[in-house]
Amino acid sequence: MLLENTSKIFKKISYAAMRVGREPEDIKLVAVTKTIGVNTIYEAIEIGLRIFGENRVQESQKKIQDLKLKTQNSNIEWHLIGYLQKNKVKYAVQLFDLIHTVDSIELAEEINKHAEKIDKIQRILVQVKLSEEETKHGISEDKLIQLLYKIRELKNLSLEGLMTMPPFFDNPESARPYFKRLREIRNECEKIGFHLPELSMGMSGDFEIAIEEGATMVRIGTAIFGERG
Ligand SMILES: *Cc1c(COP(=O)(O)O)cnc(C)c1O
């Protein structure tokens, strides 16, 4: 099942990329493993998945430790894709290769501080909020540039791009303007000197559209592992 689902997704990623003249290799699949057990994640590693996304620091801590014991594979990356509370930053910096959800100066400073302590350059993305939905985290467009300039001063952060999460729509086409907007914002930021190659956008329901609009990382859970219990 896992293999079948995953190969379907890789195929869809390839076709979506080809439709818009992009290289399929430029799109990374982040397998979202929130609520998924260690044994299933291990299976996913065995069939070739290498990047895993978790949304809670606490839940992921034991899973990541267990898997590090279980597999000798050292090419595995763990990404934090969920909201990061300040009091969890210390652990997040120990656990995650890439944090997708930096959305304030305070959080960036806290991550920088803990990264410095363990002599790590922490890779991050800035999460941008493009809709007015109250429940969504992310920095608003008008405050983004200020945050990027601040991050540039923080020596233990490596800013690699932007992330967004559109509101939920039944029709995935409705998410397209949000993906397009994130790409435009990225391009505007690059014009003033920021290098932001990564765009983390697209989930199980809308990743093909996100790829058509420039996603370099798609975060997919349900379409790989089935509905979460
Ligand atoms: C759960 C989650 C996903 C994956 O959602 P699916 O619809 O299961 O693919 C992607 N991004 C974030 C931030 C999530 O929390």
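Everything that follows concerns the structure shown earlier in this document.
Summary of the structure given here. Being a predicted model, the structure only gives us computed values, none of them experimental. (Residues numbered from 1 in each chain as written. Predicted model: local features only at pLDDT ≥ 70, side-chain atom pairs only at ≥ 80, totals over all residues. Heavy atoms only, no water.)

1. Thoughts on the site of the ligand
Okay, so step 1: Neighbouring the ligand are Val-32, Lys-34, Ile-81, Met-165, Met-203, Ser-204, Arg-219, Ile-220, Gly-221, Thr-222 and Arg-228.
Okay, so step 2: Arg-219 places a polar side-chain atom, nitrogen or oxygen, 2.9 Å from a nitrogen atom of the ligand.
Okay, so step 3: The side chain of Arg-228 places a nitrogen or oxygen atom 2.9 Å from an oxygen atom of the ligand.
Okay, so step 4: Contact with the protein chains hides 91% of the accessible area of the ligand, taken as 390 Å² for the molecule alone.
Okay, so step 5: Tallied by class, the residues present in the shell around the ligand amount to five nonpolar, three polar and three charged. (Near = heavy atom within 4 Å. Polar contact = N/O pair within 3.5 Å; in protein donor to acceptor, adjacent residues only side chain to side chain. Areas by Shrake-Rupley, 256 points an atom, 1.4 Å probe, with all protein chains shown as cover. Nonpolar A, V, L, I, M, F, W, Y, C, P; charged D, E, K, R; others polar.)

2. Some words on helix α2 (residues 38-46)
Okay, so step 1: Within the span of α2, buried status applies to Val-38, Ile-41, Ala-44 and Ile-45. Buried residues of α2 fall within an arc of 115 degrees about the axis and therefore sit on the same side. Facing away from the buried side of α2 by over 90 degrees, the exposed positions are Asn-39 and Glu-46.
Okay, so step 2: Against α1 (2-19), β2 (51-54), α3 (57-70), β3 (77-80) and α9 (222-225) lie the buried residues of α2. (Buried < 20%, exposed > 50% of the residue type's maximum accessible area, 1.4 Å probe, protein only. Helix = DSSP H or I, 4+ residues; strand = E, 2+ residues; numbered from the N terminus. Arc of directions from axis to C-beta. Contact = heavy atoms within 4.5 Å.)

3. Section: the packing of helix α6 (residues 141-153) against helix α7 (residues 176-191)
Okay, so step 1: Running from amino to carboxyl end, α6 crosses α7 at an angle of 40 degrees, the nearest separation of the two axes being 12 Å. Comparing the axis directions of α6 and α7 gives the class oblique. Like other packed secondary-structure pairs, α6 and α7 cross with a definite hand, here right-handed. Listed contacts from α7 to Glu-141, Leu-144, Ile-145 and Leu-148 of α6 are Arg-181, Ile-185 and Cys-189.
Okay, so step 2: Residue classes in the contact of α6 with α7 are distributed as five nonpolar, no polar and two charged. (Axes fitted to C-alpha atoms, helices over the stretch in contact; angles between N-to-C directions. Parallel < 35°, antiparallel > 145°, perpendicular 65-115°, else oblique. Left-handed = near helix turned anticlockwise from the far one by under 90°.)

4. Some remarks on the pattern of salt bridges
Okay, so step 1: Scanning all chains against the criterion turns up 18 salt bridges.
Okay, so step 2: Glu-54 serves as the salt-bridge partner of Lys-63, at 2.8 Å between the closest nitrogen and oxygen.
Okay, so step 3: We note a salt bridge from Arg-176 to Glu-173, for which the minimum N-O separation is 2.8 Å.
Okay, so step 4: Its relative accessible area of 38% is what places Glu-173 among the partly exposed residues.
Okay, so step 5: Each member of the salt-bridge network shares a partner with another, and the members are Arg-19, Glu-173, Arg-176, Arg-183, Glu-212 and Glu-213. (Salt bridge = Lys/Arg side-chain N within 4 Å of Asp/Glu carboxyl O.)

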